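Observations on the model geometry
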Amino acid sequence: MIEVRVPSQLTAYTEGATRVSAKGATVDDVLHDLDQRFRGIRFRVIDEQGRVRRHMRIFLGREAVVDLAQPVRAGDSLMIFGALSGG
């Protein structure tokens, strides 16, 4: 299982949980698994073209995820962040 840390702006999808577990062989698989249990969460992170949304960031350990096909292993930690923006 992969531990996924969920930002506060998405905890409405996870029934208030900031940490959830998911399974999968890739980052995308993990996001699909999350979406099976928490409908709509993947769409808030990934756009219609299958890319991480501009205002979201995903980290696998300490490395930023660019490719959703990046492999994950049991025990890995995936962190989703809402990027700060302003003007």
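To be clear, the structure that these remarks concern was listed above.
Residues numbered from 1 in each chain as written. Predicted model: local features only at pLDDT ≥ 70, side-chain atom pairs only at ≥ 80, totals over all residues. Heavy atoms only, no water.

**Considerations on the overall build of the chain**
Helix and strand counts for the chain stand at two helices and five strands. The globule rule puts the C-alpha radius of gyration for 87 residues at 12 Å, and the 12 Å found for the chain is close to it. Along the first, second and third principal axes, the C-alpha atoms of the chain reach 40 × 25 × 25 Å. Counting only residues that meet the buried cut, the chain has 39% of its 87 residues in that class. A fraction of 48% describes how many contacts in the chain between residues 6 or more apart in sequence connect residues 24 or more apart. Of the roughly 5500 Å² that the chain leaves accessible, carbon and sulfur atoms contribute 49%. A distance of 4 Å separates the average location of the 13 positive side-chain charges in the chain from that of its 11 negative side-chain charges. (Helix = DSSP H or I, 4+ residues; strand = E, 2+ residues; numbered from the N terminus. Rg over C-alpha atoms; globule rule 2.2 N^0.38 Å. Buried < 20%, exposed > 50% of the residue type's maximum accessible area, 1.4 Å probe, protein only. Contact = heavy atoms within 4.5 Å. Areas by Shrake-Rupley, 256 points an atom, 1.4 Å probe, with all protein chains shown as cover. Lys, Arg positive; Asp, Glu negative; His and termini not counted. Charge placed at Lys NZ, Arg CZ, Asp CG, Glu CD.)

**Observations concerning the side chain of Ser77**
Mapped onto the secondary structure, Ser77 falls in strand 5 (residues 77–82). Aside from chain neighbours lying at most four places away, what touches Ser77 is Glu3, Arg5, Phe59, Leu60 and Gly61.

**Considering unusual backbone geometry**
Phi is positive for Glu15, which is not a glycine, with a value near 55°. Residue position: Glu15 is located in the loop between strand 1 (2–5) and strand 2 (19–22).

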